[in-house]
Amino acid sequence: MDRGTAELQANEEQIVNTGTEQTSIDDAVCTFLLENNRLKTADLKRAENYREQHGGDLVTLLVRLGLVSEKDVAEAESDLLDLPLVRTADLPDEIPEIPDISLRYLKQNLILPVAESNGDLTVVMANPRDQFARKALSMASGKNIVPQVGIASEIENGIEKLMGGGRSAMGQIVDTL
């Protein structure tokens, strides 16, 4: 187990074990959002009902349903996991070249590599709790993954700007006309 994964698991266990009331909430991020008045209990119940019918990650559903903002989720992840929140202005001008990682994988998982040093690969992730994505990235890159938190839309824009030629989706459509 790498250092970044061990630290995240310890933080996640601490978060789960410090809950003050017994509820059906199965996600520490949801609890954080409720406690900080960024999410209403009724909205959480709506999202849970939707998840029961359609499946999916609860936090992702909350954002997709417009019940919480991407920024609120990123701030919650950052606070709960004690990881830095990286904004667009904080992104580097150039990113490390990682030939064994597909651009498609990074886009699908909202992961942006931002630095590489001493066997570590620092990445900005919309969901730094996604252990599968971190492990897969570690295996493919051969590096220890050091996660940071980012806002999903800002990560998408960063991937496009730093890895995809810098053109927006609309710009690419216009270019093909």
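Source: prediction; values computed, not measured. (Residues numbered from 1 in each chain as written. Predicted model: local features only at pLDDT ≥ 70, side-chain atom pairs only at ≥ 80, totals over all residues. Heavy atoms only, no water.)

**Student:** Before we go on, may I ask you to explain the overall build of the protein in this structure?
**Tutor:** Scanning the protein for helices and strands turns up nine helices and four strands. In sequence order, the protein lays out its α and β elements as α-α-α-α-α-β-α-β-β-α-β-α-α. Taking all 177 residues of the protein together, 41% fall into the buried category. With an accessible surface of roughly 10,300 Å², the protein has 47% of that area assigned to carbon and sulfur atoms. (Helix = DSSP H or I, 4+ residues; strand = E, 2+ residues; numbered from the N terminus. Buried < 20%, exposed > 50% of the residue type's maximum accessible area, 1.4 Å probe, protein only. Areas by Shrake-Rupley, 256 points an atom, 1.4 Å probe, with all protein chains shown as cover.)

**Student:** Would you take a moment to explain the pairing of strand E3 (residues 120–125) for this structure?
**Tutor:** In terms of residue burial, E3 counts as a mostly covered element, since six of its six residues are buried. Here E3 shows a buried face lined by Asp120, Thr122 and Val124 and a second buried face lined by Leu121, Val123 and Met125. When strand E2 (residues 111–117) meets E3, the two strands line up antiparallel, connected through six bridges. Across the sheet, residue Leu112 finds its bridge partner in E3, namely Val124. Where the polypeptide runs from E3 across helix H7 (residues 131–141) and back to strand E4 (residues 144–150), its parallel neighbour, the crossover connection is right-handed. (Pairing = 2+ DSSP bridges. Right-handed = clockwise from strand over helix to strand, strands pointing away.)

**Student:** Help me out: how do you make sense of the sheet that holds E4 in this one?
**Tutor:** Backbone-to-backbone hydrogen bonds join strands into a sheet, with any given pair of strands oriented parallel or antiparallel. Strand order in the open sheet made by the four strands is E1-E4-E3-E2, with mixed pairing throughout. A strand with exactly one partner marks an edge of an open sheet, and here the two such strands are strand E1 (85–86) and E2. One ladder, built from six bridges, connects E3 with E4; its direction is parallel. Paired with Leu121 across the strands is Ile145, a residue of E4. Here helix H5 (residues 70–81) sits on the sheet in contact with E1 and E4, set at roughly 135 degrees to E4. Each of E1, E2, E3 and E4 touches helix H8 (residues 152–163); the most contacted strand, E2, lies at about 65 degrees to it. (Contact = heavy atoms within 4.5 Å. Axes fitted to C-alpha atoms, helices over the stretch in contact; angles between N-to-C directions.)

**Student:** Looking at this structure, I do not really get the packing of helix H2 (residues 28–35) against H5. What am I missing?
**Tutor:** Angle between the axes and distance between the axes: these two values describe a pair of packed helices. Interaxial distance between H2 and H5 falls to 10 Å at its minimum, and their mutual angle equals 110 degrees. By the angle between their axes, H2 is roughly perpendicular relative to H5. Two secondary-structure elements touch here, H2 through Ala28, Val29, Phe32 and Leu33 and H5 through Asp72, Val73, Ala76, Glu77, Asp79 and Leu80. Of the residues assigned to the contact of H2 with H5, the class counts are seven nonpolar, no polar and three charged. (Parallel < 35°, antiparallel > 145°, perpendicular 65-115°, else oblique. Nonpolar A, V, L, I, M, F, W, Y, C, P; charged D, E, K, R; others polar.)

**Student:** Sorry, what's going on with the confidence of the model for the protein here?
**Tutor:** Residues of the protein with pLDDT of at least 70 account for 78%, and the chain-wide mean is 84. When the criterion is pLDDT under 50, residues 10–25 qualifies, and its contacts beyond four places in sequence or with other chains add up to 17 contacts. (pLDDT = per-residue confidence, 0-100.)

**Student:** What is the right way to read the nonpolar core from this model?
**Tutor:** Burial of nonpolar side chains together is a common tendency in soluble globular proteins. If you look at the biggest cluster of nonpolar residues, it comprises 21 residues, and the most contacted ones within it are Tyr105, Leu106, Ile111, Val123, Leu137 and Ile155. Of all the elements in the fold, those that place two or more residues in this core are helix H6 (103–109), E2, E3, H7 and H8. Element by element, the count of residues in this core is highest for E3, at four residues. If near-sequence neighbours (up to four positions away) are discounted, Tyr105 is found in contact with Ile111, Phe132, Ala133, Ala136 and Leu137. Formed by 16 residues, the second largest nonpolar core is a distinct cluster that contains Val29, Cys30, Phe32 and Leu44. (Core = buried A, V, L, I, M, F, W, Y, C linked by side-chain atoms within 4.5 Å.)

**Student:** Explain the side chain of Ser141 to me, please; I cannot follow it from the model alone.
**Tutor:** Secondary-structure assignment places Ser141 in helix H7. Accessibility expressed as a relative area gives 18% for Ser141, which makes it buried. Ignoring sequence-local partners within four residues, the contact set of Ser141 consists of Ile98, Ile101 and Leu121.

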